[in-house]
Structure formats: C-alpha cells, structure tokens
Amino acid sequence: MSVPRWLNAITTALSVPENKGKVAYQVATIDSQNIPHVRTQIHRGFVTPRDAAHVPLLITSTDVRSPKAEQMLFNTAVEIAWWMEGSMDQFRISGRAFIIPGPDHPQYSTAFSHIEKSAILSTLTSSGETNSDSTSGSNEFDFEQKRREIFDAMRPAMKATWYRPVAPGSVIASYDVPKGWSREVPTLEEAKTEEDKKKWHDALANFAMLLIEPTKIDWVQLGEKPNRRTLFTRTDSGDGWKEEILAP
Ligand SMILES: Cc1cc2nc3c(=O)[nH]c(=O)nc-3n(C[C@H](O)[C@H](O)[C@H](O)COP(=O)(O)O)c2cc1C
C-alpha cells in the first residue's frame with residue numbers, strides 16, 4: 001500500500017520553510033472520571049509498520065509518572081490538534097495512544113495488553129517497521145531499542161527532566177526547589193562517574209515513548225481560498241482510507 005495522502009500532506013507542510021520548527025501539537029486525553037485534558041507535546045517522527053504501511057504511527061514522548069500517562073493507560077482514545085501557522089494547515093488526528101515504558105516498569109504489562117489489542121500494533125510487533133534493515137534475521141519490532149533511540153537523541157538538559165526526583169505535577173514548596181535538581185544528564189557513553197551512570201538509568205526508567213495510531217485525520221487548509229477541509233477515515237477496503245471533502 002502506498003503512503004497515505006494525509007501523511008504526504010503533513011510531511012509537505014512540515015517541509016516548507018514557513019513551518020520550520022512546527023513540531024509541537026496539542027494532545028487531548030480523557031481521564032477515568034470522563035474529564036478531558038489537553039497539553040502540548042513534541043512530535044518525534046513516525047514509525048511505519050512493514051505490513052501495515054498505510055497506518056504510520058506518530059511518535060512522541062513523556063514522563064511515565066505524569067497524569068497523561070495514567071490517562072492514556074486507562075483510556076487509549078486521544079486527539080491531536082496540530083496547527084502549522086506558516087502554511088495555515090490544521091491537522092486534527094484522532095486515534096489511540098500506546099505508552100511504552102521500560103521493560104521493568106510496573107505498568108509494562110498493562111501497556112502491552114493495549115498493544116496486543118490493536119491489529120496495527122500487533123503487526124508492528126511481529127513484522128517490524130518499513131525502514132529497518134534487520135541484521136538479526138528477525139523482523140520483530142524492538143520497542144525497547146526504539147525507546148532507547150528516542151531517549152538517546154534528547155539533549156542532556158531534556159534528559160534531566162526525567163530525572164526530577166518527584167513526579168510531574170507534584171506540589172513543591174517553592175519555585176526555588178528545582179534549583180537543587182540536576183540540570184543535565186549525560187549520555188551513557190559520556191557518563192564519567194557511577195553517579196552520572198545512575199542518573200542516566202533513572203532518567204531512562206521514567207521515560208516513556210508514546211506511539212499514536214491514527215484512525216481519522218481532519219485536514220483544514222486555511223491557506224487555500226476558498227478554504228478546504230478533507231476528512232480521512234480508516235477503512236478495511238481499498239488503500240485503507242476513505243477520503244471525503246467537508247464543508248470548512
Ligand atoms: C512547547 C512545549 C512542548 C512540550 N512537549 C512535551 C512533550 O513532548 N512531552 C511531555 O510529556 N510534555 C511536554 N510538554 C509539557 C506538557 O505540555 C505538560 O505541561 C506536562 O507534560 C504535564 O502534562 P500532564 O499533567 O497532562 O501529564 C511541553 C510543553 C510545551 C510548552
């Protein structure tokens with residue numbers, strides 16, 4: 001199956017100079033009391049299942065101790081709103097979120113029970129991603145390797161955010177409290193002391209990769225006159241997506 005048209009629309013929009021750096025989107029979740037929550041997250045790329053290339057998954061990341069992680073483990077339904085101001089495109093992506101914590105994390109089995117329930121994530125698990133060049137002979141997707149890859153790509157100051165001694169959202173006594181926290185966590189290769197190595201391990205333990213499986217994309221083009229709006233909905237027939245033109 002070919003690359004879905006909505007993905008071409010996103011990658012084209014991201015490639016124009018006016019949209020440089022527009023990698024932040026808002027991700028909405030629902031908690032166990034049915035209350036909605038929304039926050040900004042950074043897009044970290046796509047992973048495309050080899051045997052389901054029509055459903056590329058969005059990659060983002062978070063702290064596994066954060067409220068959003070708990071919400072996503074309770075209810076995988078999410079919606080993203082991604083506004084690219086330069087080209088005046090809005091992509092509203094509905095789908096399911098899959099939190100991937102480290103293998104030793106207490107929520108690991110809950111996280112993987114969600115993965116097993118998704119046909120797309122299951123095919124990613126068994127057949128891997130499109131651009132992997134398996135040297136081991138196995139095509140299986142290595143979730144832990146991908147989580148490490150995304151974590152390793154983070155700057156030392158960013159890595160330090162997962163090393164904070166308290167969970168995100170915890171009440172602290174004053175604005176001065178974080179002044180006593182580590183500002184940087186080096187890569188494992190650069191860690192010179194045992195303390196630095198421990199910091200790296202502890203930060204990685206709090207780091208969660210987040211995969212979002214899209215089921216619907218509502219694309220609004222305000223740069224077009226008259227404005228355009230296109231809805232892509234997942235289907236089991238044809239190229240895997242139904243495309244409809246909507247009133248903007
Ligand atoms: C520009 C920007 C980018 C952000 N990127 C992320 C991100 O990639 N992952 C994340 O967990 N939080 C990110 N945050 C922080 C969240 O928006 C949010 O404040 C925090 O994660 C707590 O969310 P929660 O209480 O809903 O779990 C970002 C905030 C801003 C302003």
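From a predicted model like this one, the values you see are computed outputs, not experimental measurements.

Reading the values: the criteria
- Residues numbered from 1 in each chain as written.
- Predicted model: local features only at pLDDT ≥ 70, side-chain atom pairs only at ≥ 80, totals over all residues.
- Heavy atoms only, no water.
- Salt bridge = Lys/Arg side-chain N within 4 Å of Asp/Glu carboxyl O.
- Helix = DSSP H or I, 4+ residues; strand = E, 2+ residues; numbered from the N terminus.
- Buried < 20%, exposed > 50% of the residue type's maximum accessible area, 1.4 Å probe, protein only.
- Phe/Tyr/Trp six-rings, centres within 6.5 Å; stacked < 30°, edge-to-face > 60°.
- Pairing = 2+ DSSP bridges.
- Near = heavy atom within 4 Å.
- Polar contact = N/O pair within 3.5 Å; in protein donor to acceptor, adjacent residues only side chain to side chain.
- Areas by Shrake-Rupley, 256 points an atom, 1.4 Å probe, with all protein chains shown as cover.
- Nonpolar A, V, L, I, M, F, W, Y, C, P; charged D, E, K, R; others polar.
- Contact = heavy atoms within 4.5 Å.

A. Highlighting the pattern of salt bridges. Here the structure, examined in full by the defined rule, presents 16 salt bridges. Among the ionic pairs, Lys-22 bridges to Glu-85, the shortest N-O distance being 3.6 Å. Remark: Glu-85 occurs in the loop between β5 (77-84) and β6 (89-100) and Lys-22 occurs in the loop between α1 (5-15) and β1 (24-30); sequence separation between them is 63 residues. Given a relative accessible area of 27%, Lys-22 falls into the partly exposed group. The partner of Lys-198 in a salt bridge is Asp-202, with the nearest N and O atoms 2.6 Å apart. Here Lys-198 and its partner Asp-202 are both found in helix α7 (residues 194-206), four residues apart, which amounts to about one turn of the helix. Judged by its relative accessible area of 26%, Asp-202 falls in the partly exposed class.

B. Highlighting the packing of aromatic side chains. Taken as a whole, this structure holds 10 aromatic pairs when the rule is applied. Ring geometry for Tyr-108 against Phe-112: centres 4.4 Å apart, planes inclined by 35°, an arrangement best described as tilted. Linking Tyr-108 with Phe-112, this pair stays in helix α3 (residues 108-117), spanning four residues, or about one helical turn. What makes Tyr-108 partly exposed here is its relative accessible area of 27%. Their ring planes at 85° and their centres at 4.8 Å tell us that Phe-141 and Phe-143 sit as a pair that is edge-to-face.

C. Broad picture of the pairing of strand β9 (residues 241-245). Here strand β8 (residues 228-234) runs beside β9; their pairing, made up of five bridges, is antiparallel. By the bridge assignment, Thr-230 is partnered in β9 with Ile-245. Between β8 and the antiparallel strand that follows it, β9, lie six residues; Gly-238 among them carries a positive phi value of about 55°.

D. View of the site of the ligand. Close contacts around the ligand come from Arg-39, Thr-40, Gln-41, Ile-42, Thr-60, Ser-61, Thr-62, Ser-66, Pro-67 and Lys-68, and that covers them all. Within the side chain of Arg-39, one N or O atom sits 2.8 Å away from an oxygen atom of the ligand. Here Thr-62 contributes a side-chain N or O atom positioned 2.6 Å from an oxygen atom of the ligand. In isolation the ligand offers 620 Å² of accessible surface; the protein chains occlude 58% of this area. Contributing elements (two or more residues each) for the shell around the ligand: β2 (36-42), β4 (57-63) and α2 (67-74). Considering each element in turn, the shell around the ligand owes the most residues, four residues, to β2. Taken together, the residues of the shell around the ligand break down into two nonpolar, six polar and two charged.

E. Region of the structure containing the side chain of Asp-63. On the secondary structure map, Asp-63 appears in strand β4. Here Asp-63 falls in the buried class, since its relative accessible area comes to 6%. Side-chain polar atoms of Asp-63 contact the backbone nitrogen of Arg-65, separated by 2.8 Å.

F. Summary view of the side chain of Ser-94. By secondary structure assignment, the location of Ser-94 is in strand β6. Given a relative accessible area of 18%, Ser-94 falls into the buried group. Polar contacts involving the side chain of Ser-94 include one to the side chain of Glu-79, which spans 2.9 Å. Leave out the neighbours within four places in its chain, and Ser-94 touches Val-78, Glu-79, Glu-213, Pro-214, Thr-215 and Lys-216.

G. The arrangement of the pairing of strand β7 (residues 207-221) in detail. With 13 of 15 residues buried, β7 is to be regarded as a mostly interior element. Pairing geometry for β4 and β7, over six bridges, is antiparallel. In the sheet register, Thr-60 faces β7, and the bridge partner there is Leu-210. Where β6 meets β7, 12 bridges bridge the pair, whose relative direction is antiparallel. Looking at the pairing, Gly-95 lines up with Pro-214 of β7. Pairing of β7 with β8 involves six bridges; the strand directions are antiparallel. Bridged to Ile-217 within β8 is Phe-232. Following β7, the chain reverses through six residues before pairing antiparallel with β8.

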